[in-house]
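One-letter residues, chain by chain:
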Amino acid sequence: MKNIVTILVFVLAFTFTAQAQKKGGKPSAEKMLKKITKDLSLSEDQQSKIKPLLEGQMADRKAAMEKRKATQESGEKPSKEERKQLNADRKEKAATFNTEMASILDKDQFAKFEAMAKEKKGNAKNRVKKQKN
């Protein structure tokens, strides 16, 4: 009887630990929209306009990641021109996204949005530096 209770306790502990790890997960468009709404005090109209932008951005990133993985698995490395083109495409998409966000948000909201993006970019650079050390 004691063995059964002990096994059940271990199984329950393992299950809760696994579920807690899953909750972090990858950001979704819905989570990002909630965060932006909270931080920028968006109206319902602004939320309805931003949601498709976020979903499109997430889809583009996912497609790019899958393409990168496929290239990596094939053992091929992109040429210098291909890397330049990919980087230019990424920058163009980012500029388009920012232009569309600027047309949706008011000046104060957009300034705060840019500050948030800059901070996030800085945090990402710090993470990379820590990983290299």
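How each quantity is defined
Residues numbered from 1 in each chain as written. Predicted model: local features only at pLDDT ≥ 70, side-chain atom pairs only at ≥ 80, totals over all residues. Heavy atoms only, no water. pLDDT = per-residue confidence, 0-100. Helix = DSSP H or I, 4+ residues; strand = E, 2+ residues; numbered from the N terminus. Buried < 20%, exposed > 50% of the residue type's maximum accessible area, 1.4 Å probe, protein only. Phe/Tyr/Trp six-rings, centres within 6.5 Å; stacked < 30°, edge-to-face > 60°. Core = buried A, V, L, I, M, F, W, Y, C linked by side-chain atoms within 4.5 Å. Contact = heavy atoms within 4.5 Å.

Describing the confidence of the model for the protein chain
Logical step 1: In the predicted model, the protein chain carries a mean pLDDT of 82, and the fraction of residues at 70 or more is 77%.
Logical step 2: The spread of mean pLDDT over the elements of the protein chain runs between helix α1 (residues 2-24), the lowest at 65, and helix α4 (residues 80-104), the highest at 91.

Overview of the environment of E55
Logical step 1: In this structure, E55 sits in helix α3 (residues 44-74).
Logical step 2: On the basis of relative accessible area, E55 is assigned to the partly exposed category, the value being 39%.
Logical step 3: On a C-alpha basis, the gap between E55 and S28 in space is 8.2 Å, while along the polypeptide they are 27 residues apart.

Describing the packing of aromatic side chains
Logical step 1: This model, assessed by the stated rule, comprises two aromatic pairs.
Logical step 2: Ring geometry for F97 and F113: centres 6.2 Å apart, planes at 50 degrees, overall tilted. Taken together, the residues span a long stretch of sequence, with F97 in helix α4 and F113 in helix α5 (residues 107-132) at a distance of 16 residues.
Logical step 3: Residue F97 is classed as buried on the basis of its relative accessible area, which comes to 12%.
Logical step 4: With relative accessibility at 9%, the residue F113 sits in the buried group.
Logical step 5: By the ring-pair criterion, three or more aromatic residues cluster together here, those being F97, F110 and F113.

Re the nonpolar core
Among soluble globular proteins, nonpolar side chains are generally buried collectively.
Logical step 1: Counting 15 residues, the largest nonpolar core has I50, L54, M101, L105 and F113 as its most contacted members.
Logical step 2: Mapped by element, the contributors of at least two residues to this core are α2 (29-40), α3, α4 and α5.
Logical step 3: In terms of residues, this core owes the most to one element, α2, which gives five residues.
Logical step 4: Every residue in contact with L54, bar those within four places of it in the chain, is listed here: A29, M32, L33, I36 and F97.

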